[in-house]
Amino acid sequence: MAGVIARSLSRTTSSLLQKSHLTKQLSRTTAKTYSQLHRSSRSLLVTSRQPNLAIHGKTCRCCLHTQDDLEFSRFLADEISDEEKTRKPLPGVLDWKITKENAEVKLEKNVDNESVTITFNVNNATGGDRLMEEGEGEEGEIETDPPFNVEIKKATGKIMYLECALIPSGDQPKGEGEDEVADAFEITSVTMDEGKLEDGSYTMFSETMDGQVYDKLMDLLDNRGVGDELITAMRDYCKTYDHHLYVNLLSKMKEFVDEK
């Protein structure tokens, strides 16, 4: 009887050990399967976040931004390369000191006991039509006509402030006499002040200005170096500087498009 009980206990123990072994195997298998599934799901998630241009094509909204930016960047690179080939060094402007900040340009010189300052902005200075050469169908060079301001300041602080506008070459009237040369610019207004120009200062406009006063103001400017020779130099500088700013803008635009 004792032998039967011993054999029964032995079989029960063996069965329990086998079940325990199977449980451990099943646990390891389940853990391994779960790990594989977890890695697989992460891989699918990462892949789903990356648009496949070959599959989606241009009809998919998620790909348009990337593809269009790439094409734009290539276009800008070609445009910059072409513009750099025609880029010229900045010329001087006669005996005037040049100071520039972005699109703002300042010319300065001293005449006797006066300081003369000219300021202009190259933005929209090339907004006019292109000049066409006679007998040719190709476009000529762009003419630059920036409006400019002249400030003449005495040592005592008295200021004469004149607003001027360039006259496009095609619009310049011919002089009446053989020796008379048409002006390259015109005065549009004049203001007088002391210390600095105030917003509320009285301004006289050319439309209501006496003709002799206007002529004397033009002579006053010419005697201080603001004449046709300066206008020609200003136009050359403005055209070259505008091209420099244009190429620089294209480069900044490409950097912006390329940044991820």
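The name that an unreviewed UniProt entry assigns to the protein chain is N-lysine methyltransferase SETD8-B, with the source organism given as Mizuhopecten yessoensis. In its Sequence similarities (unreviewed entry) section, UniProt records this for the protein chain: "Belongs to the MAM33 family."

J.: What exactly am I supposed to notice about the pattern of salt bridges here?
T.: Oppositely charged side chains may form a pair once their charged atoms are brought near each other. All told, the structure shown has 7 salt bridges when counted by the stated rule. Across the pair K109 and D95 runs a salt bridge, and its minimum N-O distance is 3.2 Å. Taken together, the residues span a long stretch of sequence, with K109 in strand β2 (residues 104-111) and D95 in the loop between α3 (61-85) and β1 (97-101) at a distance of 14 residues. Linking E114 and K154 is a salt bridge whose minimum nitrogen-to-oxygen distance equals 2.4 Å.

J.: For this particular structure, what's the right way to read the layout of surface pockets?
T.: The method is simple in principle: a probe with the dimensions of a water molecule rolls over the atoms, and the space it marks as empty is what remains. If you add up the space inside the second largest pocket, you get close to 300 Å³. The residue inventory of the lining of the second largest pocket, partitioned by class, reads 6 nonpolar, 5 polar and 2 charged.

J.: For this particular structure, what's the right way to read the sheet that holds β2?
T.: Sheet strands line up and pair through hydrogen bonds in the backbone, either parallel or antiparallel. Strand order across the open sheet formed by 7 strands is β1-β2-β3-β6-β7-β8-β9, with antiparallel pairing between neighbours. Every other strand in the sheet has two partners, leaving β1 and β9 (203-205) as the edge strands with one partner each. Across the sheet, the mean angle from the axis of one strand to that of its neighbour is 20 degrees, orientation sign disregarded. Here 9 bridges tie strand β7 (residues 158-166) to strand β8 (residues 185-194), and the two strands are oriented antiparallel to one another. Bridge pairing in β8 places E163 opposite S189. Here helix α4 (residues 211-223) sits on the sheet and contacts β6 (148-154), β7, β8 and β9; the angle it forms with β8, its principal contact strand, is near 85 degrees. Across the sheet, helix α5 (residues 228-258) is in contact with β1, β2, β3 (114-121), β6, β7 and β8; its angle to β3 comes to roughly 40 degrees.

J.: Got a minute to help me understand α4 in this structure?
T.: Along an α-helix, residues three or four positions apart point the same way, because every turn accommodates 3.6 residues. Between its first and last C-alpha, α4 extends 19 Å over 13 residues, near the 18 Å set by a 1.5 Å rise per residue. Considered for burial, the residues of α4 that qualify are Y214, L217, M218 and L221. The buried residues of α4 occupy one face: seen down the axis, they fall within an arc of 100 degrees. Facing away from the buried side of α4 by over 90 degrees, the exposed positions are Q212, K216 and N223. Where the residues of α4 are buried, they touch β6, β7 and β8. Of the residues flanking the start of α4, the one acting as N-cap is D210, its side-chain oxygen 2.9 Å from the backbone nitrogen of Q212.

J.: Looking at this structure, I do not really get the nonpolar core. What am I missing?
T.: Across soluble globular proteins, you tend to see nonpolar side chains buried next to one another. Counting residues in hydrophobic clusters, the biggest one holds 35 residues, and the most contacted among them are I118, F120, F148, V150, L162 and V226. Breaking this core down by element, the ones donating at least two residues are β2, β3, β6, β7, β8, α4 and α5. Residues contacting I118, with those up to four places away along its chain left out, are W96, V105, K106, L107, F148, N149, V150, V226, L230 and M234. The next biggest cluster of nonpolar side chains, apart from the first, holds 5 residues, and it includes L76, I80, V247 and L250.

What counts and how
Residues numbered from 1 in each chain as written. Predicted model: local features only at pLDDT ≥ 70, side-chain atom pairs only at ≥ 80, totals over all residues. Heavy atoms only, no water. UniProt positions renumbered as here; feature names shortened; annotations may be inferred. Salt bridge = Lys/Arg side-chain N within 4 Å of Asp/Glu carboxyl O. Helix = DSSP H or I, 4+ residues; strand = E, 2+ residues; numbered from the N terminus. 1 Å grid on protein atoms, 1.4 Å probe; cavity = no way out; pocket = protein on both sides within 12 Å on 5 of 7 lines; lining within 4 Å. Points joined across faces, edges and corners; volume = space filled by probe spheres on them. Nonpolar A, V, L, I, M, F, W, Y, C, P; charged D, E, K, R; others polar. Pairing = 2+ DSSP bridges. Axes fitted to C-alpha atoms, helices over the stretch in contact; angles between N-to-C directions. Contact = heavy atoms within 4.5 Å. Expected span 1.5 Å × (residues − 1). Buried < 20%, exposed > 50% of the residue type's maximum accessible area, 1.4 Å probe, protein only. Arc of directions from axis to C-beta. Polar contact = N/O pair within 3.5 Å; in protein donor to acceptor, adjacent residues only side chain to side chain. Core = buried A, V, L, I, M, F, W, Y, C linked by side-chain atoms within 4.5 Å.

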